[in-house]
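Listed below are the residues making up each chain.
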Amino acid sequence: MGVNPEIEGRVYPPTEPYLVGREKIRGFARAVFATNPTSFDVDIARAAGHADLVAPPTFPVIVQERALAQLVADPTSGIEPVNLVHSTEHATSHRPVVAGDELSAVLTVTHVTSGGPHTLLVGQRAVIELHHGRADRRVLVVHQRLERRPLQRQGDPTAAPVA
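Residues numbered from 1 in each chain as written. Predicted model: local features only at pLDDT ≥ 70, side-chain atom pairs only at ≥ 80, totals over all residues. Heavy atoms only, no water.

Of regular secondary structure, the chain possesses three helices and five strands. Scanning the chain from its N terminus toward the C terminus, one meets helices and strands in the order β-α-α-α-β-β-β-β. For the chain, the residues scored as buried account for 36% of the 163 residues in total. Long-range pairs, those at least 24 residues apart, make up 67% of the contacts in the chain between residues at least 6 apart in sequence. Roughly 9300 Å² of accessible area belongs to the chain as shown, and the carbon and sulfur atoms make up 57% of that amount. (Helix = DSSP H or I, 4+ residues; strand = E, 2+ residues; numbered from the N terminus. Buried < 20%, exposed > 50% of the residue type's maximum accessible area, 1.4 Å probe, protein only. Contact = heavy atoms within 4.5 Å. Areas by Shrake-Rupley, 256 points an atom, 1.4 Å probe, with all protein chains shown as cover.)

Next up, the structure:
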């Protein structure tokens, strides 16, 4: 089964709100080897003009993956998670994410194209800070390949594989 082309244009509902905490920011910053002190020290973040600790620019992926999970779990999408290959992603940040923000993500499937054994799916994921507006937008491109079946050989072990 391939990706259902009728999901093009579909907008999935906003994800449950995610409250950004200081320890989540610090842990994420350590995990991605961030070195900006505004991600670790509240006083330094405030002196730099922020309300609280500042998350690294890739932090919104935590919420965005929840939006992608809706697509993958959608039984009408035709998506097989084991066959998904992440291709590219482009991000635009509208404001820094800081501790205390409440984030939600919305996924829109903008393009579905099939060709040969692959389907190209393009989606836009907008992360919204529920009290201050848009925080981040990402364009995600993924490929789904058709399910691979084991090759079968007939007779001679040196014979060419048969699909």
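Take the side chain of N4 next. Along the chain, N4 falls in the segment before β1 (18-19). Here T76 takes part through its backbone oxygen, which lies 2.9 Å from a polar atom of the side chain of N4. Setting aside its immediate chain neighbours within four residues, N4 contacts T76, S77, G78 and V112. (Polar contact = N/O pair within 3.5 Å; in protein donor to acceptor, adjacent residues only side chain to side chain.)

In this structure the tally under the stated criterion is seven salt bridges. The salt bridge partner of E65 is R125, with a shortest N-O separation of 3.1 Å. Of this pair, E65 sits in helix α3 (residues 61-73) while R125 sits in strand β4 (residues 118-129), placing them 60 residues apart in sequence. For E65, a relative accessible area of 38% translates into the label partly exposed. One salt bridge in this structure joins R95 and D101, with 3.1 Å as the shortest N-O distance. (Salt bridge = Lys/Arg side-chain N within 4 Å of Asp/Glu carboxyl O.)

One pass over the structure, following the stated rule, counts two aromatic pairs. With a centroid separation of 5.2 Å and an interplanar angle of 80 degrees, the aromatic rings of F28 and F59 are classed as edge-to-face. Taken together, the residues span a long stretch of sequence, with F28 in helix α1 (residues 22-31) and F59 in the loop between α2 (42-47) and α3 at a distance of 31 residues. Take F28: its relative accessible area is 16%, and that puts it in the buried class. Each member of the aromatic cluster is reached from another via a ring pair, and the members are Y18, F28 and F59. (Phe/Tyr/Trp six-rings, centres within 6.5 Å; stacked < 30°, edge-to-face > 60°.)

Okay, the nonpolar core next. The biggest cluster of nonpolar side chains holds 27 residues, and the ones touching the most others in it are F59, L71 and L121. When contributions to this core are tallied by element, the ones reaching two or more residues are α1, α3, β3 (102-115), β4 and β5 (133-145). Element by element, the count of residues in this core is highest for β3, at five residues. (Core = buried A, V, L, I, M, F, W, Y, C linked by side-chain atoms within 4.5 Å.)

Next up on the list: the pairing of β3. One ladder, built from two bridges, connects β1 with β3; its direction is antiparallel. Opposite L19, over in β3, you have E102 as the bridge partner. Across 12 bridges, β3 lies against β4 in antiparallel orientation. Bridging across to β4, V106 finds its partner in A126. (Pairing = 2+ DSSP bridges.)

Don't take any of this as a statement about function, it's just geometry.
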